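# Structural features, examined
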Amino acid sequence: MSEHKTYKVETLKVPKAWKENAFIDKDKYEKLYEKSVEKPDKFWGKEGERLDWIKPYTRVKNTTFEFPNVSIKWFEDGTLNVAANCVDRHLKKRGKQTAIIWEPDDPKTPAKHITYRELYDNVCRLANVLKAQGVKKGDRVTIYLPMIPEPAYAMLACARIGAVHSIVFGGFSPDALAGRIEDCKSEFVITADEGLRGGRKIPLKANTDTALQKNGHVKTVLVVRHTGGTVPWTDGRDVWLDEAMAGAEAECPPEEMNAEDPLFILYTSGSTGKPKGVLHTTGGYLVYAAMTHQYVFDYHDGDVYWCTADVGWVTGHSYIVYGPLANGAITLMFEGVPNYPDASRFWQVVDKHKVNIFYTAPTAIRALMGAGNEHVKNTSRKSLRLLGSVGEPINPEAWEWYYHVIGEKRCPIVDTWWQTETGGILITPLPGATKLKPGSATLPFFGVQPAIVDADGNILEGEAAGNLVILDAWPGMMRTVYGDHQRFVETYFSAYKGKYFTGDGCRRDADGYYWITGRVDDVINVSGHRMGTAEVESALVAHPKVSEAAVVGYPHDIKGQGIYCYVTLMSGEEGSDALKKELRDWVRNEIGPIASPDQIQFAPGLPKTRSGKIMRRILRKIAEDEFGNLGDTSTLADPGVVTDLVENRQNRR
Ligand code: WTA
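Note that the structure is predicted; figures quoted are calculated from it, not measured. (Residues numbered from 1 in each chain as written. Predicted model: local features only at pLDDT ≥ 70, side-chain atom pairs only at ≥ 80, totals over all residues. Heavy atoms only, no water.)

### Some points on the UniProt feature "modified residue: N6-acetyllysine" (unreviewed entry) in the chain
Condition: UniProt positions are given in the numbering used here, feature names are shortened, and annotations may be inferred rather than shown by experiment. Here a helix means four or more residues in a row that DSSP labels H or I, a strand means two or more in a row labelled E, and each is numbered from the N terminus. Exposure classes here rest on a 1.4 Å probe applied to the protein chains alone. A residue is buried below 20% of its type maximum, exposed above 50%, and partly exposed in between. The contact definition used throughout considers only heavy atoms, calling two residues in contact when any of these lie within 4.5 Å.
Feature annotation in UniProt assigns "modified residue: N6-acetyllysine" (unreviewed entry) to the following positions: Lys 613. Mapped onto the elements of the fold, Lys 613 is located in the loop between β31 (599-602) and α20 (616-623). Note on Lys 613: relative accessible area 60%, which makes it exposed. Once residues lying within four places of it in the same chain are set aside, the contact partners of Lys 613 are Pro 607 and Lys 608.

This is the structure in structure tokens:
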């Protein structure tokens with residue numbers, strides 16, 4: 001990768017054309033930002049008008065971060081429907097305009113262009129199918145689909161009738177799916193016969209059936225016919241979606257929803273326990289998703305916008321479906337992967353559909369950078385105007401490559417920091433307003449008040465490094481953990497009372513720019529996929545030969561972080577390469593391929609304090625090969641354990 005190291009952008013001014021043509025320039029940013037934090041009711045009261053309300057709100061912000069009485073309500077007496085805002089209200093002006101461009105896995109399969117009118121028909125029909133199956137307002141519907149247009153139809157159909165969707169990423173295993181169905185007691189599942197990624201088939205229906213052996217309460221499985229592959233079938237429970245939709249009414253009146261009614265649940269990993277069902281609600285979420293989509297990507301009418309995320313993650317929710325469609329945008333959904341059939345695919349898709357705005361993750365950028373510039377140079381990319389990054393810190397080297405090679409110095413890069421919990425982007429450049437520094441997410445979006453605290457919760461001023469907190473509420477934030485409000489309050493508001501704790505470390509420079517340094521809790525970020533080390537550990541200890549496991553992240557060139565597992569075997573068991581493979585397959589099976597361990601080290605003992613707590617700090621250092629810098633080991637019950645671990649690690653070389 002050394003050929004890329006020669007670029008050196010320190011700060012990049014806002015290009016003149018951007019200053020003049022973007023929605024927000026520096027002046028506007030500063031004035032509006034001040035207003036947004038000083039007079040939030042006035043500021044958001046006006047912003048809320050970007051949506052069509054059935055009954056307009058009279059109250060705007062009613063929130064408190066005070067521990068333990070945390071409560072978040074926005075626009076609380078207003079009513080609206082999300083699907084009506086994302087589809088119906090565009091029909092008059094944009095009925096014939098493309099809403100969704102679908103680009104399939106195989107470039108030889110024709111792409112689809114779905115107009116707003118067609119989107120309306122599909123959403124209404126699917127909503128009527130759900131109703132006919134007995135889905136009612138407030139019911140949870142689990143969606144386990146590949147990157148085809150149907151998940152967007154399904155999300156909007158749920159929103160239309162007031163059902164709460166819970167999307168489970170198509171790469172998760174049957175066990176992970178079963179857990180998520182169980183947690184929210186969902187009785188309805190929407191899946192497909194098979195998914196397709198990089199030419200490989202993913203048996204979604206078969207996985208669903210395996211999951212449902214554990215979920216006896218599921219009444220209906222709607223199945224999208226996608227690859228046409230044969231699937232196991234249960235009469236009376238399974239229904240082909242195309243057949244049901246063909247027979248359904250093409251009109252379905254949107255349900256009147258309160259602004260604070262639930263819109264969706266999305267499971268995400270934390271430092272402890274099972275994944276949490278992050279709950280987002282209707283009004284505030286959509287205002288925030290739409291507004292950030294418009295300003296961060298400077299989305300103008302007719303722009304072709306492509307976010308490469310999967311709809312199974314929050315980025316897909318807010319920035320493939322809800323934000324863009326609320327804005328009447330053209331949003332591209334891509335079924336495939338960056339390197340299939342070869343490493344030019346992203347840029348071929350950009351050229352084919354004349355994409356103007358492109359939003360991806362650093363892990364993809366690094367992988368493509370490693371594949372070599374020739375895969376970029378054989379494409380034009382002239383349509384591109386703006387580039388975006390999300391999911392993990394982008395290292396300056398990857399930033400520079402993205403900027404110079406992909407964007408040919410023409411396209412600003414918006415490095416957007418946010419989380420499943422935040423619903424939308426919180427810290428980001430605005431391309432017409434903010435000068436850029438490679439590796440910095442720069443400045444807060446309107447209404448967002450970040451602060452850096454030390455370990456005791458003292459707010460640090462000026463240039464500082466510590467933990468990132470947010471001081472006050474914004475409309476897009478999560479409202480609770482589904483079914484466990486206590487866990488919500490404990491997880492996010494107990495570490496630093498009165499403040500939302502992000503779980504991220506952060507530095508602020510002399511210009512007030514924020515530099516996210518990564519998670520400070522036991523969450524790791526593998527190829528932009530968020531994972532709790534505790535989840536991988538519990539998968540490992542479920543194996544009959546494993547007695548104990550500790551999992552840490554370590555720096556990985558492409559993935560950002562890799563998964564490093566220390567495994568203690570049951571007495572009498574021998575470590576071997578074959579067993580390592582067995583454990584790797586085991587974890588893939590328990591959670592999904594994204595949780596596949598990168599390295600496994602058999603450890604006769606783990607470093608523990610006298611009270612039995614595993615000292616992960618030491619395990620992280622060993623995984624990083626930082627043997628000289630292990631810190632204080634004097635509080636360990638048995639310091640000799642560390643010597644063994646270091647020796648074993650070194651001998652593996
Ligand atoms: C990390 C994804 C640095 C961060 C939208 C956060 C980032 C976690 C950035 C949330 C960024 C996301 N720079 N780090 N631009 N964006 N992160 O919930 O650690 O999947 O806490 O949401 O990703 O991951 P999640």
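### Let's talk about the UniProt feature "binding site: ATP" (unreviewed entry) in the chain
This is how it is decided: Nitrogen and oxygen atoms within 3.5 Å of one another constitute a polar contact, given that in protein one can donate a hydrogen and the other can accept it, and given that sequence-neighbouring residues count only through two side-chain atoms.
Those places that UniProt annotates as "binding site: ATP" (unreviewed entry) correspond, in this numbering, to Gly 391, Glu 392, Pro 393, Asp 415, Thr 416, Trp 417, Trp 418, Gln 419, Thr 420, Asp 504, Arg 519 and Arg 530. With respect to the element layout, Asp 415 can be found in strand β20 (residues 413-416). Those residues in contact with Asp 415, other than ones at most four positions away along the chain, are Ser 389, Ile 394, Ile 427, Thr 428, Pro 429, Gly 439, Ser 440 and Ala 441. Along the polypeptide, Trp 418 turns up in the loop between β20 and β21 (450-453). The contacts of Trp 418, once residues within four sequence positions are left out, are Val 314, Thr 315, Ser 318, Tyr 319, Tyr 359, Val 390, Gly 423, Gly 424, Ile 425 and Leu 426. In this structure the side chain of Trp 418 is engaged in a polar contact, spanning 3.3 Å, whose partner is the side chain of Tyr 359.

### Let's talk about the pairing of strand β19 (residues 386-390)
Convention followed: Two strands pair if DSSP finds at least two bridges between them. Whether a crossover is right-handed depends on one test, that the path from the first strand over the helix to the second runs clockwise when the strands point away from the viewer.
Along β19, five of the five residues are buried, which leaves the element largely enclosed by surrounding structure. Of the two faces of β19, both are covered, the one formed by Leu 386, Gly 388 and Val 390 as well as the one formed by Leu 387 and Ser 389. As paired strands, strand β18 (residues 357-360) and β19 are joined by four bridges and run parallel to one another. By the bridge assignment for β19, Phe 358 is matched with Leu 387. With helix α16 (residues 396-406) bridging β19 and its parallel neighbour β20, the resulting β-α-β unit is right-handed.

### A closer look at the sheet that holds β19
Note the following rule: Axis definition: a line fitted to C-alpha atoms, limited for helices to the stretch in contact. Angles are taken between N-to-C directions and run from 0 to 180 degrees.
Pairing is mixed across the open sheet formed by seven strands, whose spatial order is β5-β4-β17-β16-β18-β19-β20. The open sheet terminates on both sides in strands that have one partner only, identified here as β5 (112-115) and β20. Taking each pair of neighbouring strands and ignoring which way they run, the sheet shows an average axis angle of 20°. Relative to β5, strand β4 (residues 98-103) runs antiparallel, the two sharing four bridges. Its bridge partner being in β5, Ile 101 is matched across the sheet by His 113.

### Some remarks on the pairing of strand β28 (residues 529-532)
Burial along β28 is two-sided: His 529 and Met 531 and Arg 530 and Gly 532, pointing in opposite directions, are all buried. The pairing of strand β27 (residues 523-526) with β28 spans four bridges and is classified as antiparallel. When the bridges of β28 are listed, Val 526 appears paired with His 529. What sits between β27 and β28 in their antiparallel hairpin is a turn of two residues, with Ser 527 showing a positive phi close to 50°.

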